[in-house]
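So you can see what is in the structure, the chains are spelled out below.
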Amino acid sequence: MILLETLLYIIKNGKVLLIRKKRGLGAGYFNGVGGKVEDNEDVNNAAIRECIEEIGVKPRGLKWMGLLEFWNYDNNAIESIHFVHVFTASDYNGEPRESDEAEPLWFNINEIPFNSMWEDDSLWLPLILSGRRIYGRFIFNKWRMISHEVHSICT
Ligand SMILES: Nc1ncnc2c1[nH]c(=O)n2[C@H]1C[C@H](O)[C@@H](COP(=O)(O)OP(=O)(O)OP(=O)(O)O)O1
């Protein structure tokens, strides 16, 4: 199964808006807003749609910040490959609100709750939050990370 997905981080006044995911893959973890890109949708519009659906705000000032690959194995068999386009946004319209998918919460940029996030996040999210564009590839077995690589994208 190959999936095309998005992640979006709204960064404003030295804080980043994360969600506590309430259901599905990664439930209980903090993450950016995001999810699967739909048919006939580009990745920018998917990132905007997921943000509106999950926390009720329309992000503004979107910047493409990189591509992450998550390869998940179940022992020797590939279970899923996720190609995830990552964005930041500098502002938004509306007021963040909870949905059945997500609870939005602001964190200081230097107080990200990495202990309650996907294991890979601490390897790349600080780079994105400092304005670097990146490519990352993370290999998991049953969603436990077994190897990784992270590179800055030359601009
Ligand atoms: N390992 C890792 N680190 C950080 N982020 C993620 C992962 N694996 C992941 O899947 N993700 C991200 C990528 C996506 O943004 C979400 C998963 O999206 P999901 O909730 O499955 O997609 P939706 O389209 O919102 O879900 P449904 O509507 O189908 O329930 O996690």
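The rules we used
- Residues numbered from 1 in each chain as written.
- Predicted model: local features only at pLDDT ≥ 70, side-chain atom pairs only at ≥ 80, totals over all residues.
- UniProt positions renumbered as here; feature names shortened; annotations may be inferred.
- Helix = DSSP H or I, 4+ residues; strand = E, 2+ residues; numbered from the N terminus.
- Core = buried A, V, L, I, M, F, W, Y, C linked by C-beta atoms within 7 Å.
- Buried ≥ 20, exposed ≤ 12 C-beta atoms within 10 Å, placed from the backbone.
- Contact = placed C-beta atoms within 7 Å.
- Near = placed C-beta within 6 Å.
- Nonpolar A, V, L, I, M, F, W, Y, C, P; charged D, E, K, R; others polar.
- Expected span 1.5 Å × (residues − 1).

Caption draft 1: Region of interest: the UniProt feature "domain: Nudix hydrolase" (unreviewed entry) in the chain. According to UniProt, the feature "domain: Nudix hydrolase" (unreviewed entry) maps to residues 1–133 in the numbering used here. Measuring from the first to the last C-alpha atom of residues 1–133 gives 26 Å, for a span that is 17% helix and 44% strand.

Caption draft 2: Summary view of the nonpolar core. If you look at the biggest cluster of nonpolar residues, it comprises 30 residues, and the most contacted ones within it are Leu8, Cys51 and Val86. Those elements that place two or more of their residues in this core are strand 1 (2–12), strand 2 (15–21), helix 1 (43–55), strand 5 (63–74), strand 6 (77–89), helix 2 (121–129) and strand 9 (134–141). With five residues, helix 1 is the single largest residue contributor to this core. Apart from residues no more than four positions distant in its own chain, Leu8 is found in contact with Gly32, Val33, Gly34, Ala47, Glu50, Cys51, Pro59, Phe87 and Ala89.

Caption draft 3: Up close: the environment of Ile52. Secondary-structure assignment places Ile52 in helix 1. A tally of 16 C-beta atoms within 10 Å means that Ile52 is categorised as partly exposed. Taking the C-alpha atoms as reference points, Ile52 and Gly94, separated by 42 residues in sequence, lie 9.4 Å from one another. Leave out the neighbours within four places in its chain, and Ile52 touches Val57 and Lys58.

Caption draft 4: Structural context of unusual backbone geometry. With phi around 50°, Asn13 is a residue other than glycine that occupies positive phi space. Mapped onto the secondary structure, Asn13 falls in the loop between strand 1 and strand 2. Note on Asn13: 7 C-beta atoms within 10 Å, which makes it exposed. A positive phi angle is found at Lys142, which is not glycine, with a value near 50°. With respect to the helices and strands, Lys142 occurs in the loop between strand 9 and strand 10 (144–152). Looking at Lys142, the number of C-beta atoms within 10 Å reads 10, which means it is exposed.

Caption draft 5: A look at the site of the ligand. In the region of the ligand, 16 residues are neighbours, and Glu5, Gly34, Gly35, Lys36 and Trp118 sit closest. Looking at the shell around the ligand, the element that brings in the most residues is strand 1, giving three residues. Residues of the shell around the ligand, tallied by class, amount to five nonpolar, seven polar and four charged.

Caption draft 6: Just the environment of Lys22, in detail. If you trace the backbone, Lys22 turns up in the loop between strand 2 and strand 3 (30–31). Take Lys22: there are 14 C-beta atoms within 10 Å of it, and that puts it in the partly exposed class. Distance from Lys22 to Glu98, taken between C-alpha atoms, is 10.0 Å for residues 76 residues apart in sequence. Setting aside residues up to four positions removed in sequence, Lys22 forms contacts with Ala27, Asp100, Glu101, Ala102 and Glu103.

Caption draft 7: How the structure looks around helix 1. Helix length check: helix 1 (13 residues) gives 18 Å between terminal C-alpha atoms against 18 Å at 1.5 Å per residue, within 8%. Those residues of helix 1 that sit buried are Ala46, Ala47, Ile48, Glu50, Cys51, Glu54 and Ile55. In this fold, the buried residues of helix 1 make contact with strand 1, strand 2, strand 4 (58–60), strand 6 and strand 8 (102–108). Looking one or two places after helix 1, you find Gly56, whose phi comes out positive at around 75°.

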